[in-house]
Amino acid sequence: MRSWMAIILCVFLFSPAIGQSPDEPLSFEEQVDLAPLNEVAVWQDGRIKSWESFSRSMMQFVTGPRQIDGQPASFTYLDLALRPEAWTGRDLVFVKKKPMRAAIITALVEGERPDVATDERLDEFMKTGLIAREFILEPSVVSLLGNMQGDVMRFAKPIEAIQTAVAVAQPRVLRRSMAMVPPTGDDALERPWKTLDDISAEAPGDAVSAAWLKLQQAWQAEDAPAVNAALVDVAAAVRAVNPGVYPSAERLQWESFYFQWGHLTWVWIIYLFSIALLLMWLVYHWRGALWAGAFIFGLGFIGQTAAVMLRWYVADRWPNTNMFEAVTTSAWFAACFAIIMEIVVRRTRMSGIFLLTSAGCSMVAMMATRLYPLELSAGISNKMPVLHDIWLYIHTNVIIFSYALIFLAAISAAMYLLWRVVNMRTDRDGTDAWARAGGAGFLIVPRSGGKAGLTATRTTFGHVLDGTTMILVELSFILLWAGLVMGAIWADHSWGRPWGWDPKEVFALNTFIIYAMLIHVRLKSKDKGLWTAVLSIIGCAVMLFNWIIINFTISGLHSYA
């Protein structure tokens, strides 16, 4: 029986296509091997990218977060550029907002509705957001979008995204963007690269031109073996033009790996498992769950560290210049901090709490990048000129680290409030559970019996959670204050004034004020634990409003991150 199960498992894992008959021929897409392009670079907006990074960033303008029939973005890009007739009438353009989709469907139904715009197809558009370019260019839809564009606050950005998608999906735009051929000469590093079509026009007999022509002919004929051979020739030809300025094959392959593997943000699943085990430790005090949770947390941290370091390597700069990088790097800072704190408190009742809060932070951060790939785009771009400053590495890192600690504090505060609800006024031993003298100081001040709160047997779990929150609040308060001061210095250096009432500056100050209130309220409040937890969560909400709403809806000097 076991041997049969092993055979069935092997067939399932290694069969060329699940559910496909062995005699059924593979499609053109399945036969094409795009691996040679992993060693090809593309010049875009002053930055040299791998082909994988470039094609994904370009297709994101068109298809958004969707894949067409499960195709990789690199294949869809080439197919659109070299075989555009195959895409006539196919659903390709992504429309994000459902109200916009509904309005387009209404315009199609009430106007001169194309025969191919069946009810089933329009229903599918409502679900997936993908629609054919030809439908967007219908007079009724063009008129609708023109009228809606007048409502700048609600529809300007969505309509601009649709127009960009239709424009980018044109073959001539895609071909004109394929700047794969480096310039030659002494000033090669300062000049833009040329497209394959440029080289074909300038030097028809050149090796690059010959390989490019061969690829076009094979692709249009859907001759997969010839396409694979031509891809090898194209990759070799463009690299041979000027090897001195061409990125190393190793670097390009790592960049391709980074994007092909989803920028490793899928490690949030690992953190999810660690959260389950660490919760078991805190609830049932099973030490095996603590060790297992810490081990799985370590696996997630290794994956998260690999993602940050790999992005640093391929971008040739520390990853903190856009929203994707700020979110993922801040979560990594939180994980580093949690590991250090766990080493410090490993023999106390606080053991496991920092790992749990950090795992929650990293899981949310990486889930957000996967659920919102358009808003948190993983594309690697050049730094804005204002960011070419040493203060980028000081102010920005301090601020995002403080934001990460604020999120950790909110998690521990939420756990404290939950504990209060479950235990109501007293714990099982009848000892005081209101944390009237709680906080970071309480945990180190000796109690009756000479033991500090962290190790005293009478210390409740609520005391420990309250103390954890205060440790995180106090550190984040200091870092947020330092970040604001450093930001003012940088602003004075870059923009000639230390403060300009920019929306992001204002809400960062609001967050700081809330935590200043928290510290003072704690000094006077009778129920210190409750108000600490409530204000910690409010402060986190203001921080998230600043980081999310302000960034995506209100333009300002900080719109780049």
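Scroll up to find the structure.
Residues numbered from 1 in each chain as written. Predicted model: local features only at pLDDT ≥ 70, side-chain atom pairs only at ≥ 80, totals over all residues. Heavy atoms only, no water.

**With respect to the side chain of Gln 304**
Phase 1 of the analysis: Mapped onto the fold, Gln 304 is located in helix α16 (residues 287-315).
Phase 2 of the analysis: Leaving out residues up to four positions away in the same chain, Gln 304 has contacts with Val 267, Tyr 271, Thr 328, Ala 331, Trp 332, Ala 335, Ser 362 and Met 366. (Helix = DSSP H or I, 4+ residues; strand = E, 2+ residues; numbered from the N terminus. Contact = heavy atoms within 4.5 Å.)

**Brief notes about empty space enclosed by the protein**
Phase 1 of the analysis: Counted according to the given criterion, the structure contains four cavities of 30 Å³ or more.
Phase 2 of the analysis: Considered as a void within the structure, the second largest cavity measures approximately 90 Å³ in volume.
Phase 3 of the analysis: The wall of the second largest cavity is formed by Tyr 258, His 263, Leu 264, Thr 265, Gln 304, Ala 307, Val 308, Arg 311, Pro 319, Phe 324, Thr 328 and Met 366.
Phase 4 of the analysis: Counting only elements with at least two residues in the lining of the second largest cavity, the list comes to α16 and α17 (323-344).
Phase 5 of the analysis: The dominant element in the lining of the second largest cavity, judged by the number of residues it contributes, is α16, at four residues. (1 Å grid on protein atoms, 1.4 Å probe; cavity = no way out; pocket = protein on both sides within 12 Å on 5 of 7 lines; lining within 4 Å. Points joined across faces, edges and corners; volume = space filled by probe spheres on them.)

**Here we look at the side chain of Ser 256**
Phase 1 of the analysis: Tracing the chain through its elements places Ser 256 in helix α14 (residues 249-260).
Phase 2 of the analysis: Classification of Ser 256 as buried rests on a relative accessible area of 1%.
Phase 3 of the analysis: Discounting chain neighbours no more than four positions away, the residues touching Ser 256 are Asn 38, Ser 50 and Glu 52. (Buried < 20%, exposed > 50% of the residue type's maximum accessible area, 1.4 Å probe, protein only.)

**A few points about the pairing of strand β1 (residues 41-44)**
Phase 1 of the analysis: Pairing between β1 and strand β2 (residues 47-50): four bridges, direction antiparallel. Within β2, the residue paired with Val 42 across the bridge is Lys 49. (Pairing = 2+ DSSP bridges.)

**Points about unusual backbone geometry**
Peptide bonds are trans in most cases, and residues, glycine excluded, mostly fall at negative phi.
Phase 1 of the analysis: Positioned with a positive phi, Asp 69 is a non-glycine residue whose angle comes to about 55°.
Phase 2 of the analysis: Topologically, Asp 69 is positioned in the loop between α3 (51-63) and α4 (73-82).
Phase 3 of the analysis: Taking relative accessible area as the criterion, Asp 69 reaches 59% and is therefore assigned exposed.
Phase 4 of the analysis: With a phi angle near 60°, Asp 316 is a residue other than glycine that sits in the positive phi range.
Phase 5 of the analysis: Judged by its relative accessible area of 68%, Asp 316 falls in the exposed class.

**Examining the nonpolar core**
Phase 1 of the analysis: Ranked by internal contacts, the top residues of the largest apolar core, which has 70 residues, are Tyr 271, Phe 354, Tyr 403 and Trp 547.
Phase 2 of the analysis: Put simply, the parts of the chain that give this core at least two residues each are α15 (268-284), α16, α17, α18 (353-371), α19 (391-423), α21 (461-495), α22 (503-524) and α23 (528-553).
Phase 3 of the analysis: Looking at this core, the element that brings in the most residues is α19, giving 15 residues.
Phase 4 of the analysis: Setting aside anything within four residues of it in sequence, one finds Trp 547 in contact with Met 323, Ala 326, Val 327, Ser 330, Ile 400, Tyr 403 and Lys 504.
Phase 5 of the analysis: Phe 54, Met 59, Leu 80 and Phe 94 belong to the second largest nonpolar core, which has 50 residues in total. (Core = buried A, V, L, I, M, F, W, Y, C linked by side-chain atoms within 4.5 Å.)

**What to know about the packing of α16 against α17**
Phase 1 of the analysis: Relative to each other, α16 and α17 sit at 140°, their axes nearing to 10 Å. Looking at the two axes, α16 sits oblique to α17. Crossing handedness for the pair α16 and α17: left-handed. Along the contact surface, α16 presents Phe 297, Phe 301, Gln 304, Thr 305, Val 308, Met 309 and Arg 311, while α17 presents Phe 324, Glu 325, Thr 328, Ala 331, Trp 332, Ala 335, Cys 336 and Ile 339.
Phase 2 of the analysis: Of the residues contributing to the contact of α16 with α17, the split by class is ten nonpolar, three polar and two charged. (Axes fitted to C-alpha atoms, helices over the stretch in contact; angles between N-to-C directions. Parallel < 35°, antiparallel > 145°, perpendicular 65-115°, else oblique. Left-handed = near helix turned anticlockwise from the far one by under 90°. Nonpolar A, V, L, I, M, F, W, Y, C, P; charged D, E, K, R; others polar.)

**Some details on the packing of aromatic side chains**
Phase 1 of the analysis: Applying the stated criterion across every chain yields a total of 23 aromatic pairs.
Phase 2 of the analysis: Between the aromatic rings of Trp 261 and Trp 266, the centroid separation amounts to 6.4 Å while the plane-to-plane angle is 50°, which identifies the pairing as tilted.
Phase 3 of the analysis: With relative accessibility at 32%, the residue Trp 266 sits in the partly exposed group.
Phase 4 of the analysis: Three or more aromatic residues link up through ring pairs in this structure, and these residues are Trp 312, Trp 318, Trp 332, Phe 333, Phe 337, Phe 354 and Phe 401.
Phase 5 of the analysis: The ring of Trp 87 carries the charged tip of Arg 90 above its face, separated from the ring centre by 4.0 Å. (Phe/Tyr/Trp six-rings, centres within 6.5 Å; stacked < 30°, edge-to-face > 60°. Lys NZ or Arg CZ within 6 Å of the ring centre and 35° of its normal.)

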